[in-house]
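Spelled out, the chains give:
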Amino acid sequence: MSQVKQVGLLAAGCQPWNKDVCAASGDRFAYCATLAIYIYQLDHRYNEFKLRAIMSEHKKTITAISWCPHNPEMFASASADNLLIIWNVAEQKAIARLDNTKGIPASLSWCWNTVDSVAFVSHRGPLYIWTMSGPDSGVTVHKEAHSFLSDICLFRWHPLKKGKVAFGHTDGSLSIFQPGSKNQKHVLRPESLEGTDEEDPITALEWDPLSTDYLLVANMHNGIRLLDSESLSCITTFTFPSAAASVQCLAWVPSAPGMFITGDSQVGVLRIWNVSKTTPLDNFKLKKTGFHALHVLNSPPAKKAFSSNSPSKNHYTSSTSEAVPPPTLSQNQAFSLPPGHAVCCFMDGGVGLYDMGAKKWDFLRDLGHVETIFDCKFKPDDPNLLATASFDGTIKVWDINTLTAVYTSPGNEGVVYSLSIIRTIDGKVLHKYKHPAAVFGCDWSQNNKDMIATGCEDKNVRVYYLATSSDQPLKVFTGHTAKVFHVRWSPLREGILCSGSDDGTVRIWDYTQDACISVLSGHTAPVRGLMWNSEVPYLLTSGLTCHPSRPFTMASCSRDSTVRLWSLTPLIAPLVVNILTEQSWDDIIGSTDRAMVPGAPPLLCGKVSRDIKQELDKLSSDVHPPGGSQNLWDLAAVINGQDDSLLPQNYGQGIMHMKHLVRFKTSEAQELTIVKMSKFGGGIGAPSKEERLKNAAEIHWEKALSVAPGVSMKYWKKLMQRRADQLMQEGNDDVIPYCIATGEVKKLVNFFTSRGQLKEAVLVAQGACEGNIHGPHIESMNHAASSDNDNIEKYCGMLHRVCKELAEWYFQDGCAVLAACCHLAVDDTELAMVSLIRGNELELAVCVGTVLGESASNATHYVLELLARKYMTTATWDLAARLLQMIPDNETLLAKLCAFYPGCSAEINDLHEKCGLPTLDECKALAESSHEDGEDFKAVKYYLLSPEPEKALPIGIRYVKEQLSTPDWAVDTVYHILDLLSYIRTDRLILQKCSEERNELLILCGYIGALLAIGRQYSTIVPALYEYTSQLLKRREVSVPLQIEQLSAELEAWRACTQSLKAADDSTCTPPSEAQQTQYSQLLSRMREEPIKGLEGPDYVTGSNLPSHSDVQISCFTGLRIQGPAFFLEDGKSAISLNDALMWAKVNPFSPLGTGIRLNPF
């Protein structure tokens, strides 16, 4: 497994320099930073957009992108290095390149009449058309579109009229070309510019989708006009409320004919217009900074339907709006907001998806850098805050737990190359040291506060001593052949210094010896960031930074404008396990000299490890990366009865235990749901009947509501429920107080859940559990007032259900630790452990399980078993044995470990003794006697532990084949023998004389693995396991009671039955045949009971949802690009996703390549 894993990513913002930097297609949208394109895709399950890919092959500023209108998998991008690339989105790779565009493309567009032609134009033209394939492939020049008198800002093909195209120029004019008509060059300038040389660039230009001749044009200063391209006349000039307003971008709204939106360039005001009216229908201020680009999604995200009834037409704004207050009816009685989603890009790099109907952000990515990030540093007194410095001239500070910006500098500082966070005393300059060229990096020595090193453009490293008055360096180190960008002193080894250079090398210098003691030359490009680890003295990483109190979490910055978070915990995981298994501290913490001995096991040598020795609870926060581990420990402490006063200050910002939820949230005045609750009756701090009537009267839905209580409370409740149903159909947040007032908790929880607002649903369910939400008491002759207590149990069940959904949302977002927190918040320790297991956070799971004790014991034992498998490697066999010894009834587990151990006879006997097992020769005798007595399991076990382990194979395989030949066999009857056999030493299994038994073992393990995968719902690997088993059956001479036709029929039955369950609402889905249903039922009847509840469902490790940071890997299971971490098989070339590798190893221990080698992806 990789020693470094990616655990977080801060995406870049959208560049504000070029026009066509935002595009959309179907359920995806894309935007560009300076050197990278970011693609977001809608996750239909949770109705939210997630980052799917980062494309970064351009070496200079990207100038335009365009999505192919005929093929949603293709888009094009152009850049300032005269390069044009065609990308395949699904495969996330470039599929065609044009290396010389004969000028920098200012605008780019797919030709609407062909699938494989892209048009592009530089400032004065001509318009080039690049055809990628076919007999006419190559670059041609448009016959008429050339020799322009003014630079081109952008151009647009007509979406319906073949070959018709319009260009917008910097002088404010248009040029229009269409086949068979007279060309019109530099026409339709705004009237106020006629006869002048003034420029008023065209900032936006879009053809009317319902007309062949009309187009909307925006000029920077002269506003918006609707023009007729045939008669060359202006049909409408639109008027702005303020003369100061200017338009940067515009877009038609496909779902509302005649309607369009614009974005102001000075302030982020979105305006909605209709061509029939010269003034805007509505304006909302979304941000302080101006718009840069706008794009309306053609097929906006389909919200989960809450009701089957068609929604009402009254699209009033949501009162959760982050934009502006809802319009009142008097503003525009007939106005209906368009049900559209606008991709908005702002001048400060902000990118968002705005739901115009609900008037709220569906997605907002604010404050990202738009240029290369040169440096990042953690705040010395807070390991959760990271500062970044960029070529865009800004410094931003990020919270790495939430991955959001908490501060940004105003900008205009010029390029910021390096950051150093210092404490000042009086602000006086102490020394100035002159250098012969620019200085790119400097670093204070942590062991000598008066010593500073610098890296210079003249290729040298200098060391200065502040305690002297001299301005000359004490030492000058030469050796680099290009400029030195970064220098770093080692925090653990006095006098050791490293430097990174544009020559691609890292040099290690010893100040005391005046010499370069090592040259590291693995890089193929300039070396930028450098960092010594503050715990492991020989660990040096390039391109990264970390905080001293969290030495195994690092941040990196890059040319593609992202900041990525990395965890080194895989590197030091054995040390964590040593602590858990109560090893001597001498095996964990040591001196620098001991750690530096060649071949020595890793030792910690810094301050953090000494702190851990004093307080073991620091193990979580100091060793594990951010992303919920501290939150998890807080919840574990609450469950174990810790006093609430000991909880940390930031506890309320994370996932809280259910007993704290409402108390903490009530204290936050701005908490939306609670504010809503207190507005009406029955909420937290329920108002009196009179107040309730008064508030009800304020609702603008029929005055009847305010009069109804005068008739009866029953009638009032009925009317309230009718109004709530109507608002729910509209998806309007104003429904909240109505449901609270009438005590309709279930309806409100379902409303929030259907919209993906799971945190709000949890809060409402918890409020109900505590008895804080109750409807009006309606007395009658026959019925006593119903007691709220009757509902508490029902509400608790609802709370558990919603917490489970929220946990699954976190889990699918690659946050297994936060998913575990959701389960712990409602005291479900077993499901919390399962989340950590499915996220492969095994060391953390053992730590938490040990603390939680008995309630998590079954899960802890299962994790210890998986961890022991992980540590069955050359250097850590003893560690694996100690883990298994923590499990009760561990004899068989220890036997598997010893059977797989590849040492010599003396070493094997030594391990047997440590594990309390007989010697090799004793095991042989026991095997023979067990075999004679017909005890197959014992015979297999002891033969595996004997000097001739291959003798176990025929006994175990014969037993399994006999079982499979009976009609009512079950997985449980064969799994224990197959699992035991799979631990045979690899060197014995691959012997030529064992080839037949080996092939049969691999086939049987593959088949049983496929059934286990069906039981665990590992749907991504079920087809691969069946295919693997079928291929082995085809290619190898074996005698097993399995037929290829049988395997094919089972796979088809599984596919048909599981797809019909998924597509229950889809009438087009072909239902499974009766024979398939029977076969699938038989498969399910053979399943074994899982060791702990909740293991069903795919594994999903941290970082699975993050775009790759390295070479594209293609899965040998699916043929598709691997998203998230990849796992390489034993041939060094074949790769599968780490998630698939983990699931495969849990149901079939042998490699998918059929070699007989055990898989260890843990």
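Because the structure is predicted, anything quoted here is derived from the model rather than measured.

Draft legend 1. Focus on the sheet that holds strand β4 (residues 37-43). Ordered by their spatial adjacency, four strands build an open sheet running β2-β3-β4-β5, and the pairing between neighbours is antiparallel. A single partner strand is all that each edge strand has here, and the edge strands are β2 (22-25) and β5 (48-55). Put simply, the sheet's adjacent strands are angled 20 degrees from each other on average, direction ignored. Note that β2 and strand β3 (residues 28-32) share four bridges and pair antiparallel. By the bridge assignment, Ala24 is partnered in β3 with Phe29.

Draft legend 2. How the structure looks around helix α31 (residues 1138-1147). Most of α31 sits out of view: ten of its ten residues are buried. Looking at α31, one finds that the buried residues are Leu1138, Asn1139, Asp1140, Ala1141, Leu1142, Met1143, Trp1144, Ala1145, Lys1146 and Val1147. Among the structural elements, α16 (829-838), α18 (857-870), α27 (995-1015), α28 (1022-1035), β47 (1126-1128) and β48 (1135-1137) are those in contact with the buried residues of α31.

Draft legend 3. Seen up close, the pairing of β3. Here β3 lies mainly inside the structure; five of its five residues are buried. Side-chain alternation along β3 places Arg28, Ala30 and Cys32 on one buried face and Phe29 and Tyr31 on a second face that is also buried. If you look at the hairpin formed by β2 and β3, you'll find two residues sitting between the two strands, and Gly26 has a positive phi there, around 60 degrees. Looking at chain direction, β3 and β4 are connected through five bridges and run antiparallel. By the bridge assignment, Tyr31 is partnered in β4 with Tyr38.

Draft legend 4. Structural context of a negative patch on the surface. Taken together, the side chains of Glu928, Glu932, Asp933 and Glu935 present a region of like negative charge at the surface. With respect to the secondary-structure elements, Glu928 resides in helix α22 (residues 920-932).

Draft legend 5. Highlighting helix α23 (residues 936-944). Burial runs high along α23: seven of the nine residues are buried. Asp936, Ala939, Val940, Lys941, Tyr942, Tyr943 and Leu944 are the residues of α23 that are buried.

Draft legend 6. How the structure looks around the sheet that holds strand β45 (residues 550-557). Taken in spatial order, the four strands of this open sheet run β1-β46-β45-β44, and their pairing is antiparallel. The outermost strands of the open sheet, each flanked by one partner alone, are β1 (5-10) and β44 (544-547). Within the sheet, the average angular offset between the axes of one strand and its neighbour, ignoring direction, is 30 degrees.

Draft legend 7. View of the packing of aromatic side chains. All told, the structure shown has 35 aromatic pairs when counted by the stated rule. Ring centres of Phe238 and Phe260 lie 5.2 Å apart, and the angle between their planes is 75 degrees; this geometry places the pair in the edge-to-face category. Taken together, the residues span a long stretch of sequence, with Phe238 in the loop between β21 (233-237) and β22 (247-252) and Phe260 in strand β23 (residues 259-264) at a distance of 22 residues. Neither Phe238 nor Phe260 differs from the other in exposure class; each is buried.

Draft legend 8. Structural context of the confidence of the model for the chain. Per-residue confidence for the chain averages 83 on the pLDDT scale, and 86% of its residues sit at or above 70. In the model, residues 667-702 has pLDDT below 50 throughout and makes 63 contacts with residues more than four positions away in sequence or in other chains. Per-residue pLDDT stays below 50 along residues 779-786; that stretch engages in three contacts with residues further than four places along the chain or on separate chains.

Draft legend 9. Examining the side chain of Ser556 more closely. With respect to the secondary-structure elements, Ser556 resides in strand β45. Residue Ser556 is classed as buried on the basis of its relative accessible area of 11%. Polar contacts involving the side chain of Ser556 include one to the side chain of Trp566, which spans 2.8 Å.

Draft legend 10. The arrangement of the environment of Leu1011 in detail. For Leu1011, the location among the structural elements is in helix α27. In this structure Leu1011 comes out as buried when scored by relative accessible area, which is 0%. Here the alpha-carbon distance between Leu1011 and Glu1050, two residues 39 residues apart in the chain, equals 9.8 Å. In this view, Leu1011 contacts Trp969, Val971, Tyr1026, Glu1050, Leu1083 and Met1087; residues no more than four positions away in its chain are not counted.

Draft legend 11. Structural detail: the nonpolar core. Leu632, Leu897, Leu1001, Ile1008 and Tyr1026 are the most contacted members of the largest nonpolar core, which has 187 residues in total. Leave out the neighbours within four places in its chain, and Leu897 touches Met872, Trp877, Ala880, Ala881, Leu884 and Cys915.

Draft legend 12. Here's a closer look at the pairing of strand β28 (residues 351-355). Judged by how many residues are buried, β28 sits mostly within the fold: five of five residues are covered. Covered by surrounding structure in β28 are Val351, Leu353 and Asp355 together with Gly352 and Tyr354, the residues of both alternating faces. Judged from the five bridges that link them, strand β27 (residues 341-346) and β28 form a sheet pairing that is antiparallel. Note that in β28 the partner of Val343 across the bridge is Leu353. Between the antiparallel neighbours β27 and β28 lie four residues, among them Gly349 with a positive phi of about 95 degrees. Of the pairings in the sheet, the one linking β28 to strand β29 (residues 360-365) comprises five bridges and is antiparallel in character.

Rules of the game
- Residues numbered from 1 in each chain as written.
- Predicted model: local features only at pLDDT ≥ 70, side-chain atom pairs only at ≥ 80, totals over all residues.
- Heavy atoms only, no water.
- Pairing = 2+ DSSP bridges.
- Helix = DSSP H or I, 4+ residues; strand = E, 2+ residues; numbered from the N terminus.
- Axes fitted to C-alpha atoms, helices over the stretch in contact; angles between N-to-C directions.
- Buried < 20%, exposed > 50% of the residue type's maximum accessible area, 1.4 Å probe, protein only.
- Contact = heavy atoms within 4.5 Å.
- Patch = residues over 30% accessible without salt bridge, like charges linked within 9 Å, V, L, I, M, F, W, Y side chains within 5 Å.
- Areas by Shrake-Rupley, 256 points an atom, 1.4 Å probe, with all protein chains shown as cover.
- Salt bridge = Lys/Arg side-chain N within 4 Å of Asp/Glu carboxyl O.
- Lys, Arg positive; Asp, Glu negative; His and termini not counted.
- Charge placed at Lys NZ, Arg CZ, Asp CG, Glu CD.
- Phe/Tyr/Trp six-rings, centres within 6.5 Å; stacked < 30°, edge-to-face > 60°.
- pLDDT = per-residue confidence, 0-100.
- Polar contact = N/O pair within 3.5 Å; in protein donor to acceptor, adjacent residues only side chain to side chain.
- Core = buried A, V, L, I, M, F, W, Y, C linked by side-chain atoms within 4.5 Å.

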